[in-house]
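What the coordinates show
Chain residues, written in single-letter form:
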Amino acid sequence: MANDGGFLTTHILDTAKGCPAKGVQIDLYRLNGEERKLINTAISNNDGRTDVPMIDKGQMQVGTYELVFAVGDYFAASTQYYKVPFIDIVPIRFGIENAEEHYHVPLLASPYSYSTYRGS
């Protein structure tokens, strides 16, 4: 089976509520030294995922990227959390070593903490 090239996906889970985080803006940047270029913006859907990959199959390049999640707006919209967020913007900077692989970079977030990992 031929590999049509790698791609990048993400999702966000609200670990305080134990559910996907819907409506979170997610920006993707490609970094080249000090240069930071916006290459995609998406809003998480009902499943906390983007409707399409952040980088389409076959469009990925080796290099450094940054996903930026606007979680402060998401948590401030809920009446159970403070209006001034403790965690506002979550940047995840990561490297793509093999542009032929699928990279999945999820975010698990609460109003007071977050974590990530390389998923599958």
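Preceding block: the structure.
Residues numbered from 1 in each chain as written. Predicted model: local features only at pLDDT ≥ 70, side-chain atom pairs only at ≥ 80, totals over all residues. Heavy atoms only, no water.

Overview of the overall build of the protein
Going by this rule: Only DSSP runs of H or I reaching four residues or more are called helices, and only runs of E reaching two or more are called strands; each is numbered from the N terminus. All radius of gyration figures rest on C-alpha atoms, and the globule criterion is 2.2 Å times the number of residues raised to 0.38. Three labels apply to residues, based on accessible area from a 1.4 Å probe with only protein chains included: buried if under 20% of the type maximum, exposed if over 50%, partly exposed otherwise in between.
A tally of regular secondary structure across the protein gives 1 helix and 10 strands. In the protein, the succession of α and β elements from N to C terminus is β-β-β-β-β-β-α-β-β-β-β. Relative to its length of 120 residues, the protein is compact, with a C-alpha radius of gyration of 15 Å against a globular reference of 14 Å. Counting only C-alpha atoms, the protein reaches 50 × 35 × 20 Å along its principal axes. Taking all 120 residues of the protein together, the buried fraction comes to 42%.

What to know about the packing of aromatic side chains
Defined as follows: Between the rings of Phe, Tyr and Trp (Trp by its six-membered ring), a pair exists once the centres lie within 6.5 Å; its type follows the angle of the planes, with under 30 degrees stacked, over 60 edge-to-face, and the other angles tilted. Should the NZ of a Lys or the CZ of an Arg lie within 6 Å of a ring centre and within 35 degrees of the ring normal, that charge is described as sitting over the ring.
For the coordinates displayed, the defined rule picks out 3 aromatic pairs. Between the aromatic rings of Tyr74 and Phe75, the centroid separation amounts to 4.9 Å while the plane-to-plane angle is 75 degrees, which identifies the pairing as edge-to-face. By relative accessible area, Tyr74 is classed as buried at 15%. The class of Phe75 is buried, set by a relative accessible area of 3%. Measuring from centroid to centroid gives 6.0 Å for Phe86 and Tyr112, while their planes differ by 40 degrees, and the two rings are tilted. Placement of the pair is Phe86 in the loop between helix H1 (71–76) and strand S7 (89–96) and Tyr112 in the loop between strand S9 (107–110) and strand S10 (113–116), with a sequence separation of 26 residues. On the basis of relative accessible area, Tyr112 is assigned to the partly exposed category, the value being 47%. The ring centre of Tyr29 lies 3.7 Å from the NZ or CZ of Arg36, which sits over that ring.

What about the nonpolar core?
Note the following rule: By convention a nonpolar core is built from buried Ala, Val, Leu, Ile, Met, Phe, Trp, Tyr and Cys residues, the set being connected through side-chain atoms within 4.5 Å.
By size, the foremost hydrophobic cluster in this structure holds 26 residues, and its most contacted members are Leu8, Phe69, Val71 and Phe94. Every element with two or more residues in this core is listed here: strand S4 (25–32), strand S6 (63–70), H1, S7 and S9.

Points about the pattern of salt bridges
Rules: A carboxyl oxygen of Asp or Glu within 4 Å of a side-chain nitrogen of Lys or Arg is what we treat as a salt bridge.
Following the criterion strictly, the structure yields 4 salt bridges and no others. With a closest N to O distance of 3.1 Å, Arg118 and Glu101 form a salt bridge. You can see Arg118 sitting in the segment after S10 and its partner Glu101 sitting in the loop between S7 and strand S8 (102–104), a full 17 residues away along the chain. In this structure, a network of salt bridges that share partners links the residues Arg36, Glu66 and Arg93.

Looking at the pairing of S6
Let me state the cut-off plainly: In short, DSSP must find at least two bridges between two strands for them to pair.
Counting buried residues along S6, 7 of its 8 residues qualify, which places the element largely inside the surrounding structure. Sheet topology note: the S4/S6 ladder contains 6 bridges and is antiparallel. From the neighbouring strand, Tyr29 faces S6, where its bridge partner is Glu66. As defined by bridge partners, S6 adjoins S7 across 8 bridges and the pair is classed as antiparallel.

Read these as layout, nothing more, since geometry by itself doesn't imply function.
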